[in-house]
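Each chain, written out:
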Amino acid sequence: MPTEVPVGRVEEFDEFDRKIVLTDGTKVGVFRVDERFYAYENRCMHQGGPVCEGRILGKVETVLEDDRNVLREKFSDTEKHLVCPWHGYEYDIKTGQHAGDRRLSLNRFDVVERDGMVYLLVEQSDSLQQPSENRR
Ligand code: FES
């Protein structure tokens, strides 16, 4: 049965805020997106970079003309990607899946909210350290 590791109060998170917690030697990034929480191990599927410390950007979308020629590209207002700071691998912030290859996915953790608190669910929690400051 997983252990609930406290991450912080819900109101400590604005949209796209994150906290990175260390539990049992594993760094986990906890993100608030669209009023929900998502958590991933801070380890990129490419070469193990600190993906949870990367920027959150809209998915790049192509805008086509009526004849299907490319008019321009724009950042999505609804789909957000977490971008690894080492080499730019992009992951869907809500699923953890790699944007270019859905077979690759970040190691996901469940998150629960209860009584205004956010908890990370982990199998072991002996060495929890204090969460880092909120970052965008
Ligand atoms: S380690 Fe993340 S893109 Fe290379």
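That block above? That's the structure.
In this convention, every chain numbers its residues from 1, walking through the sequence in written order. Only residues with pLDDT of at least 70 get local features here, since the model is predicted, and only at 80 or more are side-chain atom pairs given and counted; chain-wide, interface and lining totals rely on the full set of residues. Hydrogen atoms and water are omitted, and side-chain values are computed over all heavy atoms in the structure.

Caption draft 1: Just the overall build of the protein chain, in detail. If you tally the helices and strands in the protein chain, you get 0 helices and 10 strands. Written out in order from the N terminus, the α and β elements of the protein chain read β-β-β-β-β-β-β-β-β-β. For the protein chain, the C-alpha atoms occupy an extent of roughly 60 × 30 × 25 Å along the three principal directions. Burial here depends on accessible area, computed with a 1.4 Å probe over protein chains only, as a share of the maximum for the residue type. Under 20% is buried, over 50% is exposed, and the range in between is partly exposed. A buried classification covers 38% of the 136 residues belonging to the protein chain. In this analysis, two residues are considered to be in contact whenever any of their non-hydrogen atoms come within 4.5 Å of each other. Expressed as a percentage of contacts within the protein chain between residues at least 6 apart in sequence, the contacts between residues at least 24 apart total 54%. About 8100 Å² of surface is accessible on the protein chain, with carbon and sulfur atoms providing 44% of the total. Just so you know, the count uses Lys and Arg for positive and Asp and Glu for negative, and it drops His and the chain ends. By convention, charge coordinates are those of NZ in Lys, CZ in Arg, CG in Asp, or CD in Glu. Charged side chains of the protein chain number 20 positive and 27 negative; the gap between the two group centres comes to 2 Å. Each helix corresponds to a stretch of at least 4 residues labelled H or I by DSSP, and each strand to a stretch of at least 2 residues labelled E; elements are numbered beginning at the N terminus. Residue-level accessible areas treat just the shown protein chains as cover; the underlying method is Shrake-Rupley with a 1.4 Å probe.

Caption draft 2: Region of the structure containing the pairing of strand 10 (residues 117-122). Of all 6 residues that make up strand 10, 6 are buried, and the element is covered over most of its length. Residues Met117, Tyr119 and Leu121 point to one face of strand 10 and Val118, Leu120 and Val122 to the other, with burial holding for every one of them. We treat two strands as partners when DSSP finds at least two bridges between them. Bridge count between strand 1 (residues 3-9) and strand 10: 6 bridges; the pairing is antiparallel. Looking at the pairing, Pro6 lines up with Tyr119 of strand 10. Of the pairings in the sheet, the one linking strand 9 (residues 111-114) to strand 10 comprises 4 bridges and is antiparallel in character.

Caption draft 3: Inspection of the sheet that holds strand 8 (residues 108-109) at higher detail. The antiparallel open sheet is built from 4 strands, whose spatial order is 2-3-4-8. Looking at strand neighbours, the two that pair on one side only are strand 2 (18-23) and strand 8, the edges of this open sheet. Pairing of strand 3 (residues 26-33) with strand 4 (residues 36-41), which is carried by 6 bridges, proceeds in the antiparallel orientation. Paired with Val30 across the two strands is Ala39, which belongs to strand 4.

Treat this as a map of the structure, not an account of what it does.
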